[in-house]
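What follows is the residue order along each chain.
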Amino acid sequence: MNPRPENRGAAIDLDTVSKAYGAFKALDGVSLRIEPGEFMTLLGPSGSGKTTTLNVIAGFTDVTSGKLSVGGKSVVGVPAHKRNIGVVFQHYALFPHMTVGRNVAYPLTLRGIAQDERKKRVAKALDMVKMGDFAHRYPSELSGGQQQRVALARAIVFDPPLLLMDEPLGALDKKLREWLQLEIKRIHRELGTTFVYVTHDQEEALVLSDRIAVFNRGRIEQIGTGRQLYDEPATLFVGRFIGDSTVLRGEAKSDGSSTALTVAGETVAAPRRLNGEASPVMLLRPEKLAIRRPGQDAAGTNRLSGTIAEAIYLGSGSKYEVRLGDGSTAIVRSPLAGESFGLGDKVELGFDGADAKLLPDDSTAD
Ligand code: ATP
């Protein structure tokens, strides 16, 4: 976790929170503890419940059941404007008829802060987002990225213990988004406030977060650091959602004393004991697969044979899609110094059983 200047952020506790719209459960028993000062990202596909969770924390949406506290106090039934939470949305929502300075001052005006103090705080917040020279401009005179930085200044100007952001960079182009991600990370570090951030972009989640909660169909599948989610996905859904992966359907055959596992038509060493699963799924990360020409010494105890179906030059190396014997596809990354392969080349992939993850097949629930 990032070092914090002071422990100023609020803890958040969601305890089996559900939100139903008629018979449909937008949230289905979500439990999540966010530590003071933590950067927590809610990640998941469209419709998985991220925004609903954020709206529940903000007070824009009531819960159907469950408990919710911010800073150790229950906020169930407390209206949004009494929660003292900063919020930034994807669409800037700046007041078009107010200058940048007045936009940022607005939350302080609402709170009855005297003018001298207001000026100081507005200047500080605008400096924090590097918009100090723009106080007299109107929103229409700013680029999308600049408007979003002003929205951020307005959300932090009253020193909230918690900042909620819903896809704040979603409308910006990739370069700007990547730069602003680093800016948001810096601001989080400097403020020490708890940040809760919604995105469907796994790379963005990995760049920003102390921890990530992966949402699927109104539930949290797993909560962990980016590394934990990448290295130890608890479910196939999480494994596929974070990073590139090769997913191979396995077949386990037991002859009483031992169990053999077959993937892509070839027998491999199972990475763990099979607990009676007949058809587990094997997940492999691209960098755990070594690619060689057939017959060459390949790393790893297991071998899969295939043919290059796609070769993508990435600058820092190459990425290959390899068609395996049973028609499934493996994704391999090879460093710049490695041998290069062309379409149709026959190759062998080597991997250690310990580097593979065996997971229950939940893909029918996709
Ligand atoms: P996105 O990235 O598309 O915003 P999300 O993960 O944030 O997705 P939510 O906005 O939380 O998803 O929505 C979760 C589910 O709840 C969706 O299926 C959505 O259609 C449904 N939902 C949200 N608000 C309402 C509402 N007011 N009435 C009915 N259904 C709703």
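Residues numbered from 1 in each chain as written. Predicted model: local features only at pLDDT ≥ 70, side-chain atom pairs only at ≥ 80, totals over all residues.

- Per an unreviewed UniProt entry, the recorded name for the protein chain is Spermidine/putrescine import ATP-binding protein PotA, and the organism is Mesorhizobium hungaricum.
- Of the comments in the UniProt record for the protein chain, the one headed Sequence similarities (unreviewed entry) reads "Belongs to the ABC transporter superfamily. Spermidine/putrescine importer (TC 3.A.1.11.1) family." (UniProt positions renumbered as here; feature names shortened; annotations may be inferred.)

### Some words on the pairing of strand E7 (residues 162–166)
Moving on, step 1. Among the 5 residues that make up E7, 5 are buried, leaving the element largely enclosed by the rest of the structure.
Moving on, step 2. By the alternation rule, side chains of E7 split into Leu 162, Leu 164 and Asp 166 and Leu 163 and Met 165, which are all buried.
Moving on, step 3. Alignment of strand E6 (residues 86–88) against E7, held across 3 bridges, turns out to be parallel. By the bridge assignment, Val 87 is partnered in E7 with Leu 164.
Moving on, step 4. With 5 bridges connecting them, E7 and strand E8 (residues 194–199) associate as parallel partners. Bridge pairing in E8 places Met 165 opposite Tyr 197.
Moving on, step 5. Traced from E7 through helix H5 (residues 174–191) to E8, the parallel crossover comes out right-handed. (Buried ≥ 20, exposed ≤ 12 C-beta atoms within 10 Å, placed from the backbone. Helix = DSSP H or I, 4+ residues; strand = E, 2+ residues; numbered from the N terminus. Pairing = 2+ DSSP bridges. Right-handed = clockwise from strand over helix to strand, strands pointing away.)

### Some words on the site of the ligand
Moving on, step 1. Near the ligand you find Tyr 21, Ala 26, Gly 44, Ser 46, Gly 47, Ser 48, Gly 49, Lys 50, Thr 51, Thr 52, His 200 and Phe 215, and these make up its full shell.
Moving on, step 2. Of the residues forming the shell around the ligand, the biggest block, 3 residues, is contributed by helix H1 (residues 50–58).
Moving on, step 3. Across the shell around the ligand, the residue classes tally to 3 nonpolar, 8 polar and 1 charged. (Near = placed C-beta within 6 Å. Nonpolar A, V, L, I, M, F, W, Y, C, P; charged D, E, K, R; others polar.)

### Some remarks on the nonpolar core
Moving on, step 1. Core analysis: the largest hydrophobic core is formed by 92 residues, its most contacted members being Val 104, Ala 153, Leu 164, Val 196, Ala 213, Val 214 and Leu 349.
Moving on, step 2. Among the elements that take part in this core, helix H4 (residues 144–156) stands out by supplying 6 residues, more than any other.
Moving on, step 3. Of the domains in this structure, domain 1 (12–238) and domain 2 (244–365) are the two that each give at least three residues to this core.
Moving on, step 4. Apart from the residues within four sequence positions on either side, Val 214 is in contact with Leu 43, Gly 44, Ile 220, Glu 221, Gln 222, Leu 229, Val 238 and Phe 241. (Core = buried A, V, L, I, M, F, W, Y, C linked by C-beta atoms within 7 Å. Domains from an automatic or database assignment. Contact = placed C-beta atoms within 7 Å.)

### Some points on unusual backbone geometry
Moving on, step 1. Notably, Thr 16 is not glycine yet its phi reads approximately 40°, a positive angle.
Moving on, step 2. Considering the arrangement of structural elements, one finds Thr 16 in strand E1 (residues 12–21).
Moving on, step 3. In this structure, Lys 130 takes a positive phi of about 60° despite not being glycine.
Moving on, step 4. Relative to the helices and strands, Lys 130 is located in the loop between helix H3 (115–128) and H4.

### Topic: the sheet that holds strand E15 (residues 290–292)
Moving on, step 1. The sheet built from 5 strands is open, its strands ordered E15-E19-E16-E17-E18 with antiparallel pairing. On the outer flanks of this sheet lie E15 and strand E18 (329–335), each paired with one strand and no other. Strand-to-strand twist of the sheet, defined as the mean angle between neighbouring strand axes without regard to direction, takes the value 45°.
Moving on, step 2. Sheet topology places strand E17 (residues 317–324) next to E18; 7 bridges connect them, and they run antiparallel. Paired with Gly 317 across the two strands is Pro 335, which belongs to E18. (Axes fitted to C-alpha atoms, helices over the stretch in contact; angles between N-to-C directions.)

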